[in-house]
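# Breakdown of the fold
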Amino acid sequence: MPELPGSRSDYLSDLNPEQRAAVVHEGSPLLILAGAGSGKTRVITTKIAYLVRERGVDPESILAVTFTNKAAREMAERARRIEPRAERAVLRTFHSFGAWFLRRNGHLAGLDSNFVIYDDDDSTTLLGTLMEETTRAEAARTAHRIARAKDYFMTPDDPSLAIIDHRPEFRAIYAAYEEKLGRIGNVDFGDLIKKPVELLRNHPEVRDRFRQRFHVVLVDEYQDSNVAQFELLKELCGPETYLCVVGDDDQSIYRFRGAEVRNILDFPDRFPGTEIIRLEKNYRSTEPILAVASSVVDRNLDRLGKTLVSTRGSGKKPTLAFLDDQDAEASFCAELVERSVAGKGGEPKGGAPAKAAYSDWAILYRTNAQSLGFETEFLRRRIPYKVVGSLKFYEREEVKDALALLSFSINPRDEVAFRRVVNKPTRGVGAATLERIVDASAPGGDLAAASRSLAPSLSAKARAGIGAFLKTVEEGSGFLDGGQARTPGGKKAGGLAAGEGLSPFVVHLVVESSLADYHRAQDEIAGTQRIANLQELANAASLYPASREGLAEFLEHIELDRAMESADASDDAVTLITLHNTKGLEFRRVVMTGLEQGVFPRDDKKDEELEEERRLFYVGSTRAMDELYLTTCAARRLYGRTQASVPSLFLDEIADDAIRVVGRKPPSYLSDHDGYASPPAHGSAATGSASPRGGAASADGLWRVGGRLFHDDYGYGSIRSVREGTEGPVVVALFETGREVRFLPRFQSSAFMRVGSDA
DNA sequence: TAGTTTTAAGTTTTT
DNA sequence: CTTAAAACTA
């Protein structure tokens with residue numbers, strides 16, 4: 001049957017046997033365990049094309065869900081390239097599918113089709129109105145717990161709620177939050193999954209309709225799915241539905257936000273008759289890189305188990321560098337980059353070094369805060385770089401303000417939006433007035449109407465302020481209801497030509513309003529780009545129709561696809577990126593930095609969390625195609641304080657002959673990890689110390705007479721004498737306060753440090 | 001009500 | 001150290 005003559009390119013013959021088996025498989029549920037770099041996306045896109053082309057499946061009956069918009073776009077693009085008809089398949093993220101579902105069916109659950117989606121910040125604000133005597137930080141914590149409860153598909157009356165939050169009052173807070181959110185008529189991220197499941201359960205006719213619509217359900221990155229998403233799949237998949245999930249349990253790194261590894265580990269049990277296909281051929285990395293990656297993740301106990309085999313064969317052995325501190329780490333990375341770009345590959349042997357581009361390089365770190373050191377050093381050396389993921393366009397104050405104003409104009413019950421912008425710029429509507437208005441309206445009532453009816457009883461200042469605010473909103477409303485024909489003022493907005501959809505509206509409400517004046521003033525003072533950001537927002541709106549529905553759609557797009565992609569992807573620059581953000585990416589050369597206890601792994605208290613950190617190591621190291629470097633520092637500045645650090649536990653898990661070591665291993669690295677943090681140690685010999693010569697020094701050469709010290713309690717001082725005791729060096733120091741103190745460096749950690757002569 | 005000073009806290013974060 | 005929110009004062 002699949003033998004179509006001539007006309008098609010033989011896309012199946014490009015696949016390896018396992019990939020092909022996964023593509024042509026049908027019947028039972030299928031779990032594809034796809035290791036890093038094993039051609040997962042290729043399999044899933046080819047499968048869509050195959051189903052349409054060879055099996056005569058109607059593309060509109062195929063639902064493929066991913067976790068990121070980027071992945072969804074890439075999948076759509078690649079499937080379409082093989083089979084143009086695949087364009088009609090429903091290819092969405094879980095959340096955008098949920099929103100799509102609720103806009104059509106939400107009325108059955110009392111939800112207006114133009115609902116606005118609240119992000120975590122909005123949920124926190126809403127919760128703040130319910131928990132009056134708590135700080136915002138506490139409200140944020142509770143909001144997070146509620147989000148987790150929804151990830152686990154728990155309602156406020158769920159008996160297991162204590163697993164999420166053991167406080168007895170949590171149940172009531174969660175219930176109150178749900179009640180208020182419902183009255184306002186909006187939803188949060190968790191609702192986009194949870195509400196469709198509930199609706200499908202309560203309305204069998206809707207469920208059956210969907211089961212008739214989608215015959216094939218495909219899920220990408222299944223290891224990142226949460227319990228609620230699993231429930232959604234169960235509702236969507238009837239006995240006739242073909243379900244295929246693709247994932248890698250070793251790449252599950254979002255546990256902290258509800259991802260449930262058990263979903264993939266238990267998939268064969270939950271869906272009886274499941275067939276498992278393993279994709280273990282890695283097309284990305286050389287063998288030595290995979291050896292390092294595997295050696296760490298292999299220590300995990302809870303995994304399905306897979307052995308990646310490189311199709312690229314041998315290559316350069318990964319390098320582990322022991323360095324002094326984060327400054328040394330930054331310059332180490334900078335030098336690696338500079339030398340490779342100049343064509344002087346770092347290695348004396350191994351043939352002619354290939355000349356690298358800046359874009360071949362990625363510097364990986366555990367936390368965003370670590371990027372700063374690299375940025376400073378790269379800036380100084382004029383190495384082009386781009387920081388991925390720190391843009392946070394949607395989190396900017398002016399953007400959030402603009403979105404709040406837009407949200408309020410389609411939903412005057414939106415208390416969160418109202419609170420945010422009613423007195424911005426300051427119009428004389430303070431906390432007292434605001435509370436009066438909110439109290440005057442019924443819970444979840446129309447706040448614009450409440451403001452209007454209360455206005456006569458307010459002070460002149462507050463009345464004028466409310467009036468100005470309402471005028472702005474009403475003009476916006478009129479525009480939306482009147483349709484495109486009634487462009488406010490008839491002027492060409494912000495240089496945009498006519499027929500720009502929603503743009504003129506956004507320009508009027510946001511770029512030309514008093515709110516914009518406020519931000520324009522901020523631009524003057526702080527030299528920021530706020531107005532430019534608002535203009536960008538307005539430009540993006542041109543793609544949506546000038547109606548309430550169009551505005552809701554626009555807001556949904558902003559809320560669900562926050563990765564405002566900067567178009568500088570073609571620039572030749574080093575990538576600075578968190579480990580989490582690298583999933584799905586690949587680079588020729590990768591440096592994983594900060595391999596220290598407390599940094600990475602960040603926390604070694606709980607076994608399950610440690611296993612997740614190991615997976616993060618696996619994800620990071622398998623991004624590298626040709627070269628992999630690991631760095632670890634003897635000391636690290638954190639919150640302005642320098643602390644001694646111990647090399648990461650993961651470094652112990654790599655076989656000695658699997659990695660090339662640069663710099664000196666500290667003694668503690670060889671023995672135990674639970675021991676004392678050693679004082680600034682190993683790098684000093686390698687970097688060359690300029691500390692004073694002569695006089696007694698400790699056996700390890702770190703403590704010299706005359707050396708400078710800093711102690712949290714005693715301040716600055718200098719070393720008077722050093723001798724070897726049974727517990728290591730014994731140092732006597734005279735501090736500036738005149739105090740003379742004797743101590744054992746071994747028992748000192750954060751409170752005490754050497755002051756480098758380079759400092 | 002609005003601006004200033006003090007104090008507290010600090011992961012990762014596809015949606 | 002750096003940032004953001006709470007507390008405080010004009």
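See the structure above.
What this report covers is the structure whose coordinates are included nearby. Bear in mind the structure is a predicted one, so any value in this text is a computation, not a measurement.

This brings us to the packing of aromatic side chains. Geometry of an aromatic ring pair is reported as the spacing of the ring centres plus the angle between the planes. Here the structure, examined in full by the defined rule, presents 23 aromatic pairs. The interplanar angle of 80 degrees and the centroid separation of 5.5 Å between the aromatic rings of Phe600 and Phe650 together place this pair among those described as edge-to-face. Pair noted here: Phe600 is in the loop between β15 (587-592) and α25 (607-621) and Phe650 is in helix α26 (residues 649-652), with a separation of 50 residues, a long-range link. As far as the burial class goes, Phe600 and Phe650 line up, both buried. Taken together, the aromatic side chains of Phe97, Trp100, Phe101, Phe210 and Phe214 make up a single cluster linked through ring pairs.

Contacts to DNA strand C come from Thr135, Arg136, Tyr639 and Gly640. Sugar and phosphate atoms constitute 30% of the interface atoms of DNA strand C, taking the interface as everything within 4 Å of the protein. Backbone polar atom of Arg136 to a phosphate oxygen of DNA strand C: 2.7 Å apart, as the coordinates give it. Its residues assigned to classes, the surface near DNA strand C comprises one nonpolar, two polar and one charged.

Our next topic: the protein's contact with DNA strand B. Tyr254, Arg257, Arg366, Thr578 and Arg602 are the nearest of the 28 residues found near DNA strand B. In DNA strand B, the atoms that sit within 4 Å of the protein are 49% sugar and phosphate, with bases accounting for the remainder. Contact distances for DNA strand B include 3.4 Å between a base oxygen and a side-chain N or O atom of His95. With respect to DNA strand B, the side chain of Thr578 contributes an N or O atom lying 2.7 Å from a phosphate oxygen.

Read from one edge of the open sheet, seven strands run β13-β14-β12-β15-β16-β11-β19, paired in parallel fashion. Of all the strands in the sheet, the pair left with one neighbour each is β13 (385-387) and β19 (660-662). In this sheet, adjacent strand axes meet at a mean angle of 20 degrees when their direction is disregarded. Here helix α14 (residues 326-341) sits on the sheet and contacts β11 (319-323), β12 (361-365), β14 (574-578), β15 and β16 (624-633); the angle it forms with β16, its principal contact strand, is near 155 degrees. Against the sheet, helix α15 (residues 371-380) makes contact with β12, β13 and β14, and its axis sits at roughly 165 degrees relative to β14, the strand it touches most.

Attention shifts here to unusual backbone geometry. A cis amide bond links Lys424 to the next residue, Pro425, at an omega of 0 degrees. Counting through the fold element by element, Pro425 comes out in the loop between α17 (415-421) and α18 (431-440). Backbone torsion omega between Phe600 and Pro601 reads 10 degrees, so that peptide bond is classified as cis. By the secondary structure assignment, Pro601 is in the loop between β15 and α25. In this structure, Glu221 is a non-glycine residue whose phi angle is positive, near 50 degrees. Looking at the element boundaries, Glu221 is found in the loop between β6 (216-219) and α10 (227-236). Although it is not a glycine, Arg382 sits at a positive phi angle of roughly 60 degrees. Checked against the element boundaries, Arg382 lands in the loop between α15 and β13.

For helix α5 (residues 120-130), every residue scored as buried is listed here: Asp122, Ser123, Thr124, Leu126, Leu127 and Thr129. Close packing links the buried residues of α5 with β4 (117-118), α6 (136-151), α7 (170-184), β5 (187-188), α16 (397-410) and α17. Capping the start of α5, Asp119 holds a side-chain oxygen 3.1 Å from the backbone nitrogen of Asp121, two or three residues further along.

So, how was this worked out
Residues numbered from 1 in each chain as written. Chains lettered and ligands numbered in written order. Predicted model: local features only at pLDDT ≥ 70, side-chain atom pairs only at ≥ 80, totals over all residues. Heavy atoms only, no water. Phe/Tyr/Trp six-rings, centres within 6.5 Å; stacked < 30°, edge-to-face > 60°. Helix = DSSP H or I, 4+ residues; strand = E, 2+ residues; numbered from the N terminus. Buried < 20%, exposed > 50% of the residue type's maximum accessible area, 1.4 Å probe, protein only. Near = heavy atom within 4 Å. Polar contact = N/O pair within 3.5 Å; in protein donor to acceptor, adjacent residues only side chain to side chain. Nonpolar A, V, L, I, M, F, W, Y, C, P; charged D, E, K, R; others polar. Pairing = 2+ DSSP bridges. Axes fitted to C-alpha atoms, helices over the stretch in contact; angles between N-to-C directions. Contact = heavy atoms within 4.5 Å.

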